[in-house]
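# Report on the structure
Each chain, letter by letter, is given below.
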Amino acid sequence: MDQSAITDRRQLRRKLTFWRIAAILVALLAIFAAASWQWSGTAPVDHIARVKISGIIQDDTELLQRLDRIARNDRVKALVVTISSPGGTTYGGEVIFKALRKVAEKKPVVSDVRTLAASAGYMIATAGDTIIAGESSITGSIGVIFQYPQLKELMDKVGVSLEEIKSAPLKAEPSPFHPASEEAKTMIRAMVMDSYDWFVDLVAERRKLPRAEVLRLADGSIFTGRQALAAKLVDTLGGPEAIRAYLDERKVPADLLFIDYDAPKRSLFPWLGASTQDLARSVLGQFFDLQPTIEKLAGQKLFLDGLVSVWQVDHD
């Protein structure tokens, strides 16, 4: 190989090295920019925030923090809450409802009912300034339930008994180890009905309906979007166009982008913000985040405690 060829190859190698270093620097700058955006909690432009609430509703501290950031972010001009949930704990629905009302004190909030928003899911939907549902969406199921297992017959069959000494007859009642006394049933029924009354009053207030009318609807029945519209449980049938139309009525500019405020993905690098992780994942590949695979292999279980506002299909 002559000297000129060697020189050309060296120059080409230097150029490749330069562009590789430049690409790495650009990627690092982008990651740091995303990190500063994540840490500040403020997107660089005015926008419409969108939050998705799906699955079983529980006391979700991270979601409450997200909603608080949205409420305090002046760049957010409106919030769309997309709901696909059969409900969950009554307390979980209550705290999310109150957090959404705090957002609504500062900017329009739209409840976007998708396939299912029942029980605590509907409770959350009532926090919106307007509720938009699909014609075939499922909603309603206004009510509260308290369930507990009964293992007494099984224990008798296997020859196991449980002895207990307690400070008062109603302590730790109802128990799965013996049938509930009438006093215990009365106590639980009173607690359920108190939460039920609170739920009914909330719907009556938010939907501007007479309490007697809400009581008629609040027998646990579920409704399609069309039925819910006729019963005044939702305001409009539609999808993205209906959402835009409502926001236009509230003077929210039509050219604003929707930005999803998703829950941070759990990662092997939890010290990086969610936006930073997404960008780093695109640069470094899926090796960056093995947590979803680990969770699929390990499996996840869900336990609900306390009063529950959830729509369930009877298996009997």
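Computed from a prediction, not measured in an experiment: that's the story for all the values here.

### Quick word on the overall build of the protein
When helices and strands are tallied, the protein shows eleven helices and nine strands. Buried residues in the protein amount to 38% of all 316 residues. Sequence-distant contacts, at least 24 apart, represent 74% of the contacts inside the protein between residues at least 6 apart. Counting every atom, the protein has about 19,100 Å² of accessible surface; 58% of that belongs to carbon and sulfur.

### As for helix α2 (residues 61–72)
Along its twelve residues, α2 runs 17 Å from first to last C-alpha, staying within 8% of the 16 Å computed at 1.5 Å per residue. Residues of α2 that are buried: Leu63, Arg66, Leu67, Ile70 and Ala71. Projected down its long axis, α2 carries its buried residues within an arc of 140°, all on one side. Buried positions along α2 lie against β1 (47–57), β2 (76–89) and α3 (90–104). Looking at where α2 begins, the residue whose side-chain oxygen comes 3.2 Å from the main-chain nitrogen of glutamate 62 is aspartate 60.

### Some thoughts on the nonpolar core
Formed by 50 residues in total, the largest nonpolar core has its most connected members in Leu67, Ile70, Leu79, Ile96 and Leu233. For this core, the leading source of residues is helix α6 (residues 182–207), giving eight residues. One finds Val110, Ile243, Leu247 and Val252 within the second-largest nonpolar core, a separate group that totals eleven residues.

### Thoughts on the confidence of the model for the protein
Across the protein, the average pLDDT comes to 83, with 75% of residues at 70 or higher. Across residues 268–272, confidence stays below pLDDT 50; counting only partners more than four residues off in sequence or on other chains, it has eight contacts.

### Details of the pairing of strand β4 (residues 130–133)
Residues Thr130 and Ile132 of β4 are buried on one face, and the alternating residues Ile131 and Ala133, pointing to the opposite face, are buried as well. Traced from strand β3 (residues 109–118) through helix α4 (residues 120–125) to β4, the parallel crossover comes out right-handed. Across two bridges, β4 lies against strand β7 (residues 236–237) in parallel orientation. Bridging from a neighbouring strand, isoleucine 132 pairs with threonine 236 of β7.

### Concerning the packing of aromatic side chains
All told, the structure shown has one aromatic pair when counted by the stated rule. Arranged with centres 6.4 Å apart and planes meeting at 50°, the rings of phenylalanine 146 and tyrosine 148 form a pair that is tilted. With a relative accessible area of 34%, tyrosine 148 lands in the partly exposed category.

### What about the side chain of threonine 139?
Relative to the assigned elements, threonine 139 resides in strand β5 (residues 138–140). Among the residues examined, threonine 139 registers a relative accessible area of 1% and is labelled buried. Only 2.8 Å separates the side chain of threonine 139 from the backbone oxygen of alanine 117, close enough to count as a polar contact. Not counting residues within four places of it along the chain, the set of residues in contact with threonine 139 comprises Ala117, Tyr122, Ser221, Ile222, Phe223 and Ala228.

Basis of the calculations
- Residues numbered from 1 in each chain as written.
- Predicted model: local features only at pLDDT ≥ 70, side-chain atom pairs only at ≥ 80, totals over all residues.
- Heavy atoms only, no water.
- Helix = DSSP H or I, 4+ residues; strand = E, 2+ residues; numbered from the N terminus.
- Buried < 20%, exposed > 50% of the residue type's maximum accessible area, 1.4 Å probe, protein only.
- Contact = heavy atoms within 4.5 Å.
- Areas by Shrake-Rupley, 256 points an atom, 1.4 Å probe, with all protein chains shown as cover.
- Expected span 1.5 Å × (residues − 1).
- Arc of directions from axis to C-beta.
- Polar contact = N/O pair within 3.5 Å; in protein donor to acceptor, adjacent residues only side chain to side chain.
- Core = buried A, V, L, I, M, F, W, Y, C linked by side-chain atoms within 4.5 Å.
- pLDDT = per-residue confidence, 0-100.
- Right-handed = clockwise from strand over helix to strand, strands pointing away.
- Pairing = 2+ DSSP bridges.
- Phe/Tyr/Trp six-rings, centres within 6.5 Å; stacked < 30°, edge-to-face > 60°.

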